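Tertiary structure, described
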Amino acid sequence: MMGGGKTFTAWCNSHLRKAGTQIENIEEDFRDGLKLMLLLEVISGERLAKPERGKMRVHKISNVNKALDFIASKGVKLVSIGAEERDWQQPKSAEGILKEKEISIGECRGGKPKIVDGNVKMTLGMIWTIILRFAIQDISVEETSAKEGLLLWCQRKTAPYKNVNIQNFHISWKDGLGFCALIHRHRPELIDYGKLRKDDPLTNLNTAFDVAEKYLDIPKMLDAEDIVGTARPDEKAIMTYVSSFYHAFSGAQKVSQDPKLPPQSTPDIIGTLRPDEKAIMTYVSCYYHAFSGAQKAETAANRICKVLAVNQENEQLMEDYEKLASDLLEWIRRTIPWLENRAPENTMQAMQQKLEDFRDYRRLHKPPKVQEKCQLEINFNTLQTKLRLSNRPAFMPSEGKMVSDINNAWGGLEQAEKGYEEWLLNEIRRLERLDHLAEKFRQKASIHESWTDGKEAMLQQKDYETATLSEIKALLKKHEAFESDLAAHQDRVEQIAAIAQELNELDYYDSPSVNARCQKICDQWDNLGALTQKRREALERTEKLLETIDQLYLEYAKRAAPFNNWMEGAMEDLQDTFIVHTIEEIQGLTTAHEQFKATLPDADKERQAILGIHNEVSKIVQTYHVNMAGTNPYTTITPHEINGKWEHVRQLVPRRDQALMEEHARQQQNERLRKQFGAQANVIGPWIQTKMEEIGRISIEMHGTLEDQLNHLRQYEKSIVNYKPKIDQLEGDHQLIQEALIFDNKHTNYTMEHIRVGWEQLLTTIARTINEVENQILTRDAKGISQEQMNEFRASFNHFDRKKTGMMDCEDFRACLISMGYNMGEAEFARIMSIVDPNRLGVVTFQAFIDFMSRETADTDTADQVMASFKILAGDKNYITVDELRRELPPDQAEYCIARMAPYNGRDAVPGALDYMSFSTALYGESDL
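Residues numbered from 1 in each chain as written. Predicted model: local features only at pLDDT ≥ 70, side-chain atom pairs only at ≥ 80, totals over all residues. Heavy atoms only, no water.

1. So, the overall build of the protein
Helices and strands together make up the secondary structure of the protein, namely 35 helices and 8 strands. Counting over 929 residues, the protein shows a buried share of 43%. Of the contacts made within the protein by residues no fewer than 6 positions apart, 76% connect residues no fewer than 24 positions apart. In the form shown here, the protein has an accessible surface area of approximately 48500 Å², with 51% of it arising from carbon and sulfur atoms. (Helix = DSSP H or I, 4+ residues; strand = E, 2+ residues; numbered from the N terminus. Buried < 20%, exposed > 50% of the residue type's maximum accessible area, 1.4 Å probe, protein only. Contact = heavy atoms within 4.5 Å. Areas by Shrake-Rupley, 256 points an atom, 1.4 Å probe, with all protein chains shown as cover.)

2. What to know about helix α10 (residues 201–215)
Here α10 contains 15 residues, and its C-alpha end-to-end distance of 21 Å stays within 8% of the 21 Å for a straight helix at 1.5 Å per residue. Along α10, the residues that are buried comprise Asn-204, Leu-205, Ala-208, Phe-209, Val-211 and Ala-212. Seen end-on, α10 carries its buried residues on one side only, within an arc spanning 165°. Close packing links the buried residues of α10 with α9 (177–186), α11 (224–228) and α12 (235–249). Two residues or fewer after α10 comes Asp-217, characterised by a positive phi angle close to 60°. (Expected span 1.5 Å × (residues − 1). Arc of directions from axis to C-beta.)

3. Side note on the nonpolar core
Ranked by size, the top nonpolar core spans 72 residues in total, and within it Ile-127, Ile-130, Phe-179 and Phe-245 carry the most contacts. The dominant element in this core, judged by the number of residues it contributes, is helix α7 (residues 120–136), at 11 residues. If we skip the residues at most four places from it in the chain, Phe-179 touches Trp-173, Leu-205, Ala-208, Phe-209, Leu-222, Ile-238, Tyr-241, Val-242 and Phe-245. Counting residues in hydrophobic clusters, the runner-up holds 46 residues, among them Leu-713, Cys-816, Leu-817 and Ile-832. (Core = buried A, V, L, I, M, F, W, Y, C linked by side-chain atoms within 4.5 Å.)

4. Structural notes on the packing of aromatic side chains
Counted by the stated rule, this structure contains 26 aromatic pairs. Members of the aromatic cluster, each reached through a chain of ring pairs, are Phe-169, Trp-173, Phe-179, Phe-209, Tyr-241, Phe-245 and Phe-249. Lying across the ring of Phe-829, Arg-814 places its NZ or CZ 4.1 Å from the centre. (Phe/Tyr/Trp six-rings, centres within 6.5 Å; stacked < 30°, edge-to-face > 60°. Lys NZ or Arg CZ within 6 Å of the ring centre and 35° of its normal.)

5. Focus on the packing of α7 against α12
In the contact formed by α7 and α12, the axes pass within 11 Å of each other and the chain directions differ by 25°. The pairing of α7 with α12 is recorded here as roughly parallel in orientation. Between α7 and α12 the crossing geometry is left-handed. Residues Trp-128, Ile-131, Ala-135 and Ile-136 of α7 form the contact with α12, whose own contacting residues are Lys-236, Met-239, Thr-240, Ser-243 and His-247. Per-class residue counts for the contact of α7 with α12 are 5 nonpolar, 3 polar and 1 charged. (Axes fitted to C-alpha atoms, helices over the stretch in contact; angles between N-to-C directions. Parallel < 35°, antiparallel > 145°, perpendicular 65-115°, else oblique. Left-handed = near helix turned anticlockwise from the far one by under 90°. Nonpolar A, V, L, I, M, F, W, Y, C, P; charged D, E, K, R; others polar.)

6. Here we look at unusual backbone geometry
Negative phi values dominate among residues other than glycine, just as trans dominates among peptide bonds. A positive phi angle, close to 65°, is found at Asn-163, a residue other than glycine. Structurally, the position occupied by Asn-163 is in the loop between α8 (146–158) and α9. Although it is not a glycine, Asp-217 adopts a positive phi angle of roughly 60°.

7. Comments concerning the pattern of salt bridges
All chains considered together, the criterion is met by 49 salt bridges. It is possible to trace a salt-bridge network through shared partners that takes in Lys-6, Asp-223 and Asp-226. (Salt bridge = Lys/Arg side-chain N within 4 Å of Asp/Glu carboxyl O.)

8. Observations concerning the packing of helix α32 (residues 863–873) against helix α35 (residues 916–923)
At a minimum axis separation of 8 Å, α32 and α35 run at an interaxial angle of 150°. Considering their axes alone, α32 and α35 lie roughly antiparallel with respect to each other. Regarding α32 and α35, the two cross each other, and that crossing is right-handed. Within the contact between the two elements, α32 uses Ala-863, Val-866, Met-867, Phe-870 and Lys-871 and α35 uses Tyr-916, Met-917, Phe-919, Ser-920, Thr-921 and Leu-923.

Structural data, given as C-alpha cells:
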C-alpha cells in the first residue's frame, strides 16, 4: 500500500463509523461501490441515488459511476492521464485542484472499471480528491484557503510555542511538537507541554496521537515510527491528519462556558422537531460578537510578529556580513606585506624555505579565504533579495566593506601573490647560477695559485751569475719556455677576472672575499710579468757567454709545456661541474665529450713523441757521458709528471662518462615529469574552460522548474567537486617539477597558476549560479509567482538578451518593457532603471528583472497595514502602552518594539504612551531600527 494508504483508510473509517461500518482494505472494500457511496453520504450529508445490490461486475460499475457522478456534481472535473503512464499524485498545490476543479482518476470515465478492478493508484487518487473537496477546500484563514489556509492556521496556533516552526506538511511535524502544540493550544489540560523534549520525537508523536484518539475523537491515522524513520514524511498523510485537528478545533471556543451568553434550554432544542430559527440565530450571533474581537486582535498581532521577525533576521544578516567582511579584509591587509617583501636570502636553503612557505600559503591558508569570499558574496546577494522581498531599503555596508572593495583588495592580493612567486623563482635561479660561478671561480683560482706557487722565487734567482756558458744558455732557453707557459696561463687569469666580475654583478653575498682573492691573483700576475721581463733582460746581457745548448732539451721543453697545458686544461674540463635543464643541453655536452675522446689517440702520439725526445736525451748522455745534473734545464715538466697527468686524464674520462650518463637519466626523468604534467594540464585546462562555458549556457538557457534547475546545478556542482582529486594530482606533479627545479615545459601552454585560477573561478561561478536560482525560488515563493509566469519571464528575458550575456542593456530592457505594453517617457524609464539597476552599471540581471515584474503584480506588507494592525491592538487609540504590547505580542518582539518606539506626545497622551505610527513608518524607510 502507498505511503498515504494507512492514513486514508483511517480517515475513511472515522466517517464510516458514523454509519456503523468500516473498511479493512481500501482497494478491495470500495470495489463494489457500496461503501464508497455510503462514505460520500456521510461526509456530504446528502443522499445519493439508490445503489445496486447485485454481485455482478455491471452492478459494481454502476455504483462506482454513481459515486463519481456525485463527486463531479460538486465541481470536481474528472480527466484522463492514463493509469499505466504514471502514479496518482497530488497536483502542484491543493489550490490548483480547487481552482481548476480537475483530477485524474484514469482513462477518462474509463477510470471507474479500474476502481472496480481494485487498482490501488486510482483508488487512492479518488480518496485524495474526496479529502481535498470535503475536508480541505472549505478551510479559510485570513484570505487564504485550502492547503495554504490550513498551513497558516497551524502557524498561527503554534506561534507561541518554543521549538515549533511549521513551514510545510512533512519535516516540520517529525518531532511531534507541532501536534502537541495544537492540542495544548485548545485543550491545555490534556498535555503538559513543558515536559516534552524535542530530542524524543517518538514519545511526542505517540502522546499526541493517543490524546487525540482518546479525548478528541480523532482516529490514529499515522504511525510514529514511520514518521521518525522517514527522511520526508508523506505530505498527503500529514495534511489529512492535520485537517482533522482543524475541523475538531475550528469552532471550539467553548461557547457554552461563557457566562455572558444568554442561557438556552437544551431540552427545548432536543424535544422540538424544528427548533425556532430566530432564537437560534440570536444565540449564535452572541458567539460571533464574543469572539470576533479576539480573532481580529490575533490577526493584528500575527501581522506585527511577521514584520518584526523579518526585521530582526535582516539585522542579524547585516551584522554577520560586516564581521565576515572585516575579518577577510584584515587577513588580506596582513598577507599583502608578506607577499610584497622582496628581501633576498644568501643561500639556496633559505630561498627553498621561502618557496615552501609560499606553497603552504597556497595549499592551506588561501583556499579557506577563497571560500569565505564566495560565501560573503552569496550572503550579500541573499540579504539584498530578502530586503527587496520584504519591501525594505537596500543594505549599504560600512565604508570600505562593499563587495567591490573586497574584490579590489582581493585583486591586490592576487597581484602581489603573482609577483612574489615570480621573484622567488628568479632568486632561486640567481642563487643557483651564483653557486656554480663561485665553485668555478674557486677551482680555477686554486689551479692558478698552484701553478704560480714558487714562480716568483724562481724568477728572482741569481743562478746565472755563477753558471757556465752552457748553463746560461740553458737558463735562457728555460726562461723562454717559462714565458710560453706564462702566456698559456693568460686565458685562465682573464677567466678568473671575468667570473669575479659576473659574481659582483649578480650581487653574490661573499663578493668581498672573491674580490680580494681575484685582486691578489691579478697583482701576482702583474708581478710575474715584471719579474719575467727583468730576468730576460739579465739573461740577454749574458747571452753572448752562452754557446752550447741542448737542442733536444729545448725541443722537449717546447713540446712538453703546451702538452702539459693541454692535459691540465683537459683535467680541468673533465672535472668541471655542469648545469643543464634540457635533454638537448646534456646531449650537446655528451657530443663535445665524444669529440674530446676522439682526440686522445693523437694526444697519445704526442705524448710518445715527447717521451721519445727525453729518451733521446738520456741516450746521448749515456752515449757521450755528458756532465749533466740529471734534470732538463729548460723545463720542470718531467716524463714522470707527464705520464702521471696522462694517467689521470684517462681515469677522469670514464668518470665524466658516468656523470654525463647520470645527468642524461635525470634529464629524461625531468622530461617524463614535463610530459606527465603537460598531458594532465592539457586535459584539465580545456575541461575547466568547457565547464565554464556550460555553466554560462545553463544560466541563460534554463528549462523546467526552478527546483529542477537547482537540482541540476547542484548535481553539476557535485560533478565538479568530484573532479578535485585530479586537480590535487596535478598539484602533486607540479610540486615534483618544482622540486626538480624544472622551469619550463614545452609540452603545454598551461601553468599551475592558470589551472588554479580557472578552478577557483569555476567553483565561484557554479556557487554564484546556484545562489541566483535559490534567490529566484525565494522571490517566486514570496511573491506567489507561478512556474508558468517564471517561464514567461525567462523567455522574455532571453529573447531581449540579444548578446546572450545573461544581462540586458538599457535599450534591450526598454524594448522588453514596450513589448509588454509599457507606455513611458524618459523620466519614467529612468525611474524604472533606478529600481532594477541601483548601482548604475547599465545592465539588468534576470534577478532584477523578476523582482521588478513581481513587484508590478504582487502585494506586500506596507507601513499603513502595520499601522492599522497596531491601532487594533491599541483599541483605536493613537498610541499604545507597554502593557498592551506585552499582552498581545510574544515577549522578544514586544521588548523589541518597546526599545525602539518613541514616546507619544499627542494631546491625548498618557504616561508611558508609545508612538506606534512613527515606528511603523520607520520600518519601511531610512531608519536606525
